[in-house]
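Each chain, letter by letter, is given below.
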Protein chains: 2
Amino acid sequence: MRLAIDVMGGDQAPDAILKGCIAAAEHLDADDRLVLVGPKDIIEQTLRERKFTDARYLIEDAPDVIAMHESPTSAVRAKKDSSIVRMARLGSPKASDDERCDGVLSAGNTGACVAAAQMNMKRLPGVHRPGIAVTIPAFHGPVVLCDAGANPEPRGSHLWQYGVMSDVYARSVLGIENPRVALMNVGAEEGKGSGIVKQAHELLKATPGLNYTGFVEGREFFAGAADVIVTDGFTGNTVLKMAEGLAKSLFQAIAQEIFEHDPKMAMQFEPIVKSIYKKNDYHEMGGAPLLGVNGSLFICHGSSESRTIAAAIRNARLAVNAHVNDAIVARLAEVAAIDPAMRQGEPA
Amino acid sequence: MRLAIDVMGGDQAPDAILKGCIAAAEHLDADDRLVLVGPKDIIEQTLRERKFTDARYLIEDAPDVIAMHESPTSAVRAKKDSSIVRMARLGSPKASDDERCDGVLSAGNTGACVAAAQMNMKRLPGVHRPGIAVTIPAFHGPVVLCDAGANPEPRGSHLWQYGVMSDVYARSVLGIENPRVALMNVGAEEGKGSGIVKQAHELLKATPGLNYTGFVEGREFFAGAADVIVTDGFTGNTVLKMAEGLAKSLFQAIAQEIFEHDPKMAMQFEPIVKSIYKKNDYHEMGGAPLLGVNGSLFICHGSSESRTIAAAIRNARLAVNAHVNDAIVARLAEVAAIDPAMRQGEPA
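Residues numbered from 1 in each chain as written. Chains lettered and ligands numbered in written order. Predicted model: local features only at pLDDT ≥ 70, side-chain atom pairs only at ≥ 80, totals over all residues. Heavy atoms only, no water.

> I'm lost on the relation of the copies chain A and chain B in this one. Help?
Copy one and copy two of the chain differ by a rotation about a common axis and a shift along it. Expressed as a screw operation, the relation of chain A to chain B combines 0.0 Å of axial shift with a rotation of 180°, fitting to an RMSD of 0.0 Å. Here the copies are linked by what is in effect a two-fold axis. When the interface residues of chain A are mapped onto chain B, 100% of them again lie at the interface, so the same face is used by both copies. (Least-squares fit on C-alpha atoms with pLDDT ≥ 70 in both. Contact = heavy atoms within 4.5 Å.)

Shown next, in the form of structure tokens:
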């Protein structure tokens, strides 16, 4: 297997990324290749400093960088030699046979990764719009949230496909048997919600072989009510970031409260916090696939540490080996008749 | 001042509601009136059982009830004698002068409350669409979130008005000087987000006298980055419920972890949790006003306890005394020229 990684993506790039790549050596088979995409001199120097030599590691020189704050579409168009664009190209049908990678990873500008993947990889047959599927380490087990931000203004049929594709992903990669698929809404009752949610609800209900459990409210998100939660990219992205911020703020508030109450207790509480973080550690969850593109892009958290990257490489190997894309294409063909827009060949 | 309360609304109605009304007696002035709206026999019996007599308390007989799960618009149309519809009518210009209430409260079906208020109270001059403004007791101080669910598919100009109205509310009722108003988005950079967000962003930027600080991401929600956060009703509702569910789940996870780790520590931790809950207690925050209607409706949490209701009555008095609606009308007239849709008299 051949994987490519954008070494310039993320708040702690390139150091944490390269360190993570080195740590991932133990997960790679003898005939695997890991292509480090970024400025050749920086990569070579870092590997030298770390006295790391491994014939399975290759370098793809990409002198340019797309920064975290840059406007995705224009940056991807302008910076053909950036690590993100080069990485996306390596993972696309545009790459030559001996260069083409089975999966690519980045912790960089998410919008730019999505744009570069869409431009280079294009969509899988039958897919309206790609969506990001993030696996959240919730208290009752992993929850797949799709879309986490690729498509802020989806149609109902896009949401429907996110449900179908995430179901395939949860089964084949996470090994969840008959995943409970739910649709995020402002109420659990029929007739609630926006137009696109109502449309997606009807399509999901009509999908054979899908364990669709109906609407789920924000309150049930962390209560173990569903294995897959479908929503628009705007809500998904907001909810994901808010959960992260709230958990952090809450632990800070607890720490401060303990300190004011009884500083000695702080030391006792530390292992508790560590244990909870370990059980619900997003650093171990790997990258989030952009489902629906003809390739395998895994988007990692912007604040990825070296262990986040090592875990993402390990998980990317599992995902590629699970042949998710083949399963998605087959499944979408199977249920295509449900979605009239698809039958009529409406532009996606 | 005359207030009306729906005694049949909420998970613990009518007991907790009536108990809360009784507890609120201390907050009422001698010439205040509190109208208890619901089935007369139930109200009379409960007051008798509690040996409560107070000439400031009146009863409005409303034999019918709209349940929490009922479809709002059809229930409001069909059940004219429900406590929610009667309550909304009492707080509207439709009520006779001697009956008309300055403010009304309910912990019942939120959608039905919004629908009943819109039908009876109508909109304030210049308002496109009413929005629910919830005050969240965040760690760095209160945050006003608008809209929390009245309008799941707003236009950009609706979002803009939520910013303007919530700013007035934060100043006049919460006493926040020059509130920092932010717009929820999937990124902090210019050019990010959906079409309505971009439109609202331009309108908010162009509004004189508004301390608009730009986009805010979900991550900053609980980090004290803004005093007022504007978003669509779908995202607002989801985020609000998710925060509640996550905080609850996190405390449960901590409790379980402590118990597994060292059961003796559980007792030590209890006062810490209680203190944090007390500092960030939504039961003390009062009802959330539906900003933009020609009346004062305060929507209380569905799981309101008696103390939630007592606090809501206390806060409703403060809000009514602050004359928020007059200030909103004046402020919207002042900034009307910014919004072309308003100038052109486009249907809202």
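> So what exactly am I meant to see when it comes to the nonpolar core here?
Note on soluble globular proteins: their nonpolar side chains tend to be buried together. Counting residues in each nonpolar core, the largest one holds 90 residues, and the members touching the most others are A:I132, A:F221, A:L297, B:I132, B:F221 and B:L297. Those residues in contact with A:F221 that lie beyond four places of it in its chain are A:I136, A:V143, A:L145, A:M184, A:I229, A:V239 and B:M242. (Core = buried A, V, L, I, M, F, W, Y, C linked by side-chain atoms within 4.5 Å. Buried < 20%, exposed > 50% of the residue type's maximum accessible area, 1.4 Å probe, protein only.)

> Sorry if this is basic, but what is going on with the pairing of strand β1 (residues 2-6) of chain B here?
Two faces, one strand: in a regular strand the side chains alternate between the faces of the sheet. All names here are of chain B. The buried fraction of β1 is high, at four of five residues. Pairing of β1 with strand β2 (residues 33-38), which is carried by five bridges, proceeds in the parallel orientation. Looking across to β2, one finds that D6 is bridged to V37. This β-α-β element, β1 to helix α1 (residues 15-23) to β2, shows right-handed connectivity. Relative to strand β4 (residues 103-106), β1 runs parallel, the two sharing three bridges. The partner of A4 across the bridge, within β4, is V104. (Helix = DSSP H or I, 4+ residues; strand = E, 2+ residues; numbered from the N terminus. Pairing = 2+ DSSP bridges. Right-handed = clockwise from strand over helix to strand, strands pointing away.)

> It is not clear to me how the interface of chain A and chain B should be interpreted in this structure. Could you clarify?
How big an interface is tends to be stated in terms of accessible area lost as the parts join. Across the boundary between the two partners, chain A contributes 50 residues, which contact 50 residues of chain B. Across the chain A/chain B interface, buried area totals approximately 4700 Å², and carbon plus sulfur atoms make up 72% of it. The tally of links between chain A and chain B comes to eight salt bridges. The closest approach of N and O atoms between B:K279 and A:E257, which form a salt bridge, is 2.7 Å. Our count for the contact surface shared by chain A and chain B stands at 12 residue pairs in polar contact (both at pLDDT 80 or more). Elements with a contribution of two residues or more to the side of chain A that touches chain B: α7 (195-205), α8 (233-261) and α9 (263-279) of chain A. A per-element tally of the side of chain A that touches chain B places α8(A) first, with 22 residues. (Buried area = accessible area lost by both parts, 1.4 Å probe. Salt bridge = Lys/Arg side-chain N within 4 Å of Asp/Glu carboxyl O. Polar contact = N/O pair within 3.5 Å; in protein donor to acceptor, adjacent residues only side chain to side chain.)

Purely spatial values, then, with no claim about function.
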